[in-house]
Amino acid sequence: MGSLSPPILSSSFHNNKTLNPNNSPSHRPSNLRPFTAIISNSHYETERGFRFETGDTFFRHESATGRDLGVLAAALYKKSNSTLRVLDAMCGCGIRSLRYLAEAEADFVLANDANENCNCVIVSNLSSVSSADNGRWMVNHAVANRVLAERYVDRDLFDFIDVDSFGSDSSFFRCAFDTVKLGGLLYVTSTDGFSSGGHRPNHSLAAYGAYIRPLPYSNEIGLRMLIGGAVREASVLGYHITPLFSYYSYHGPVFRVLLRLNRGKLSQCHYRFIAYCESCGHSQAISWDKLGQMKCPCGSDVPDSLVVSGPLWTGPLHCASYLTEMHDLAGEWGWLDDGMKNDLDKLLQRMIDESDPNLPFGYIQLDEIASRAKVNSPRLVTIMSAIQQEGYSVSRSHISNNAIKTNCPMSECVRIAKQIQNV
Ligand SMILES: C[S@@+](CC[C@H](N)C(=O)[O-])C[C@H]1O[C@@H](n2cnc3c(N)ncnc32)[C@H](O)[C@@H]1O
Ligand SMILES: [Zn+2]
């Protein structure tokens, strides 16, 4: 049953505290609805023991794992730096802000959402952790770029910035890099599965500077496209970024990466092109100075057999030691054996396995090996152990249950699959 929610309070900061007293209502984002009472479909959800209201905001309980990962990272930051100021730039109902306050013990959270209609719900949810008078949080309503730019101009920098955006919005990168502290963390999102699938190359070019064509490991490409876009924007400001983890979830789909910002030049060795040979299934990274000499080692003379995408991030998706710390903390908090369906233990273990430095970008679907070998799809454990016995590195992929990551070339995978089935 719908109920009548309280009217909107005012624009900008909303718990009776104003960071910038000169905020002019005329600067209010144009996409906001006028001050009216609204009919609410509000209901309550519970996540990791916290009960909160969702109101009419955009909320997906499937995104809980992405929130868990963000909270673990923020908590590790607080433990090692003794301070944690978070800017939750697109906070919806404020569940992330609530969890950054309660679980990561953030000293301060600025919860922002462009939609002023979220205000009462956010204020009510954050009040359940800490009274507004304690000054641990503030609520703001502006477009993300505006709040980021305002904080930057005031030299009010943050340790952790979470931008939970829709689609392939990358317009906030520059402002976010300006507003995060050096050594600080930026948690960014893409939900653009069309672009990662290579179905909108002009769109991915505009958003992330990468011309993306269809590749068999497109969901990993989505993560690499997002990181590559961030690498490029950071380099404009003389910074470089390190991905600490990269997480794909098929709900959405959602591509989320946690990046650490440091001063320093862009290293070209991880910002390259990817070429996939449709004839033999081999993938290779192509550096900028070899762009004119691209050809597959199989020597295929099939015209257009090489599918080239990029530039994008071809380096590690995760930092294994960081993921191990996250896993340990999740264990301390009892999150690894909580009987929840979104098995965090398995996810973090797989991400750690994927971080083996011997493993290249991409993954190989077992169906592709089977179809090239013209045999039935091998069992995952069987082919993994056969590949390992031949001296190659191999792991599962957190992105696809029926795929492997390996430095074993496709031609060898095909030979091994035939051998397993005595063909
Ligand atoms: C994916 S939802 C956020 C979900 C929330 N972070 C969570 O975990 O439940 C995105 C939110 O961003 C807000 N939004 C959209 N464009 C925005 C912009 N340019 N600046 C700030 N907020 C924006 C929307 O009102 C929406 O609430
Ligand atoms: Zn080839």
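Residues numbered from 1 in each chain as written. Chains lettered and ligands numbered in written order. Predicted model: local features only at pLDDT ≥ 70, side-chain atom pairs only at ≥ 80, totals over all residues.

The UniProt entry for the protein carries the following text under Sequence similarities (unreviewed entry): "Belongs to the class I-like SAM-binding methyltransferase superfamily. Trm1 family." (UniProt positions renumbered as here; feature names shortened; annotations may be inferred.)

Let us look at the packing of helix α7 (residues 201-208) against helix α8 (residues 218-236). Interhelical geometry of α7 versus α8 gives an angle of 35° and a closest axis separation of 9 Å. From α7, S204, A207 and Y208 reach across to α8, where they touch M225, L226, G228 and G229. Partitioned by chemical class, the residues of the contact of α7 with α8 number four nonpolar, three polar and no charged. (Axes fitted to C-alpha atoms, helices over the stretch in contact; angles between N-to-C directions. Helix = DSSP H or I, 4+ residues; strand = E, 2+ residues; numbered from the N terminus. Contact = placed C-beta atoms within 7 Å. Nonpolar A, V, L, I, M, F, W, Y, C, P; charged D, E, K, R; others polar.)

A74 and A176 are the most contacted members of the largest nonpolar core, which has 115 residues in total. The element that contributes the greatest number of residues to this core is α8, accounting for eight residues. In this structure A74 touches L84, V86, Y100, A104, A106 and F160, once residues within four positions along its chain are discounted. (Core = buried A, V, L, I, M, F, W, Y, C linked by C-beta atoms within 7 Å. Buried ≥ 20, exposed ≤ 12 C-beta atoms within 10 Å, placed from the backbone.)

Turning our eyes to something else, we now look at the pairing of strand β5 (residues 85-88). A two-sided burial pattern is seen for β5, the buried positions comprising R85 and L87 on one face and V86 and D88 on the other. Examined bridge by bridge, β5 and strand β6 (residues 108-112) share four bridges and lie parallel to one another. By the bridge assignment for β6, R85 is matched with F108. Read from β5 through helix α2 (residues 95-102) to β6, the crossover connection turns out right-handed. (Pairing = 2+ DSSP bridges. Right-handed = clockwise from strand over helix to strand, strands pointing away.)

Let us look at the sheet that holds strand β14 (residues 306-313). The strand order across the open sheet built from three strands is β13-β12-β14, with neighbouring strands paired in antiparallel fashion. In this open sheet, the two strands that pair with only one neighbour each are β13 (283-286) and β14. If you compare each strand with its neighbour and ignore which way they point, the axes differ by 25° on average. Bridge count between strand β12 (residues 271-277) and β14: six bridges; the pairing is antiparallel. Counterpart to C277 in the pairing with β14 is L306. The strands that α8 touches are β12 and β14; relative to β14, the one it contacts most, it runs at about 45°.

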